[in-house]
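Structural overview for review
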Amino acid sequence: MRTTKQFLLTALAICALSACGKKDTPEPEPKPNPGTEQPVRPARLRGFMVARVEDVSERTLDDVAAWGANIIRLQICPVAYATKNNRNIWEALPVYLIRIDERLKWAKARGLKVVLDLHEPPVNGYTDPGFPAFWDNPQTRDGFLRFWTAVANKFKDPAYNDLIYGYDIYNEPAEWVQGTDHVPHKWRAMAPEIVKAIRAIDRDVWIIYEPGPWNGPDNYRNLQPLADKRVMYSLHFYLPGKFTHQGVNMATKAEAIASLGVEYPGKIKGKQWDRAALERELEVVDDFQRRYNVPIFVGEFSVVRWAPFPSSARWLTDVVSLFEERKWTWCYHAFREWDGWSLEHPEGRHTFRYKGDPAASPAKTETERAKVIRAALRKNAQK
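Please read all numbers here as calculations on a predicted model, not as lab measurements.

Parameters and conventions
Residues numbered from 1 in each chain as written. Predicted model: local features only at pLDDT ≥ 70, side-chain atom pairs only at ≥ 80, totals over all residues. Heavy atoms only, no water. pLDDT = per-residue confidence, 0-100. Helix = DSSP H or I, 4+ residues; strand = E, 2+ residues; numbered from the N terminus. Contact = heavy atoms within 4.5 Å. Core = buried A, V, L, I, M, F, W, Y, C linked by side-chain atoms within 4.5 Å. Buried < 20%, exposed > 50% of the residue type's maximum accessible area, 1.4 Å probe, protein only. Phe/Tyr/Trp six-rings, centres within 6.5 Å; stacked < 30°, edge-to-face > 60°. Pairing = 2+ DSSP bridges. Right-handed = clockwise from strand over helix to strand, strands pointing away. Polar contact = N/O pair within 3.5 Å; in protein donor to acceptor, adjacent residues only side chain to side chain.

1. Brief notes about the confidence of the model for the protein chain
Of the residues in the protein chain, 90% have a pLDDT of 70 or more, and the chain-wide mean is 91. Confidence, read as mean pLDDT per element, is least for helix H4 (residues 132–136) in the protein chain (95) and greatest for strand S2 (residues 71–76) (99). Within the model, pLDDT remains below 50 along residues 1–37, and this stretch shows 143 contacts once partners closer than five positions in the same chain are excluded.

Structural data, given as structure tokens:
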């Protein structure tokens, strides 16, 4: 998830901005069809999305572990790193992989598993990655294949088996075409090639697939799974967007302020939103999981901190309970990334700030949203 999400359709405003890896632990759910073999499952974990590689410190991981998390989803932004160091992506990549490896070792020392989340396309000078011209550019396919081949080669050693939870091969793909459903068809066609490239090097690592667009629940309507048995299917959950993203990505401060004050539970755009409504939104994912016996990974979910209180805590309580009922691994978005999603900063409408406003200071006492997530993370310690 990018620090600041782009909303291309209001109706699809579902995204923010968002223990073992190859060693398996059987999960009893979902049950296979009669007469079929129970599929292996990745371990069930709970934790946080964190910031870009270069912005994650040992202190951050100390505190993530102290919260009770046992997994992080680490943002991989190779072009941003290369640009900052006045290189192109392929010149900078060897050193960048060393930086990733360093964070992996920090995580391992703290008992954390890691999702390597490719958070931007590995294409030099890319622009508008949600538009057809980007997907039509042959450098796009070549960049993805070259990047994941390099990553798989770097981390194929068995020493990473119990550390890397999975390769999240691209964050929130979409293809903006006016008058369509914005499904990134070229991405979906490319994904099996990426999986094949990784499998030529590493047969066992879990691969995390985001089919797009933007990775909301409706992505799983009529979706065909990839032809690989070690794929997790990713979900980002930010529904309803008018509530979770109030005040975010508005063109003017006046528009942002006008969008504030949306409550949960309540009617939003004429529809009643409550726990039952959220569960109905997940039915399409439930159906997909039952049909294909595949694991689901919730890579992101959040509500902006200036949503009205106690609405924000109620929403978090409801969505976490829905994920827990389904035994899904989840990562809250985000820990010490953009302070709009922070659990450590003050909450409620009065805390709103627009881009360019002075930075907020951390809360002096634990926020109510933090209490919800901290309580959920305590389940990691239960046997």
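Here the narrative resumes.
2. Comments concerning the nonpolar core
Generally speaking, nonpolar side chains in soluble globular proteins are found buried as a group. Core analysis: the largest hydrophobic core is formed by 108 residues, its most contacted members being Phe48, Leu116 and Phe301. It is helix H3 (residues 89–109) that contributes the most residues to this core, 10 residues altogether. Setting aside residues up to four positions removed in sequence, leucine 116 forms contacts with Leu74, Ile76, Ile100, Leu104, Trp148, Val151, Phe155, Ile164, Gly166, Tyr167 and Asp168. One finds Ala43, Tyr165, Trp206 and Ile208 within the second-largest nonpolar core, a separate group that totals 10 residues.

3. Description of the packing of aromatic side chains
Inspection of every chain in the model, using the stated rule, returns 32 aromatic pairs. Ring centres of phenylalanine 288 and tyrosine 292 lie 5.1 Å apart, and the angle between their planes is 55 degrees; this geometry places the pair in the tilted category. In this pair, phenylalanine 288 and tyrosine 292 both sit in helix H9 (residues 275–292), four residues apart, roughly one turn of the helix. Take phenylalanine 288: its relative accessible area is 3%, and that puts it in the buried class.

4. Quick look at the pairing of strand S1 (residues 46–52)
Counted residue by residue, S1 has six buried out of seven residues, so it is predominantly covered. Where S1 meets strand S10 (residues 329–332), three bridges bridge the pair, whose relative direction is parallel. When the sheet's bridge partners are listed, phenylalanine 48 is paired in S10 with tyrosine 332. Regarding topology, helix H1 (residues 58–66) serves as the crossover connection from S1 to the parallel S2, and that connection is right-handed.

5. Overview of the environment of tryptophan 315
For tryptophan 315, the location among the structural elements is in helix H10 (residues 311–325). Spatially, the C-alpha atoms of tryptophan 315 and arginine 369 are 9.4 Å apart, while their sequence positions differ by 54 residues. Of the polar contacts made by the side chain of tryptophan 315, one reaches the backbone oxygen of leucine 239; its length is 2.8 Å.

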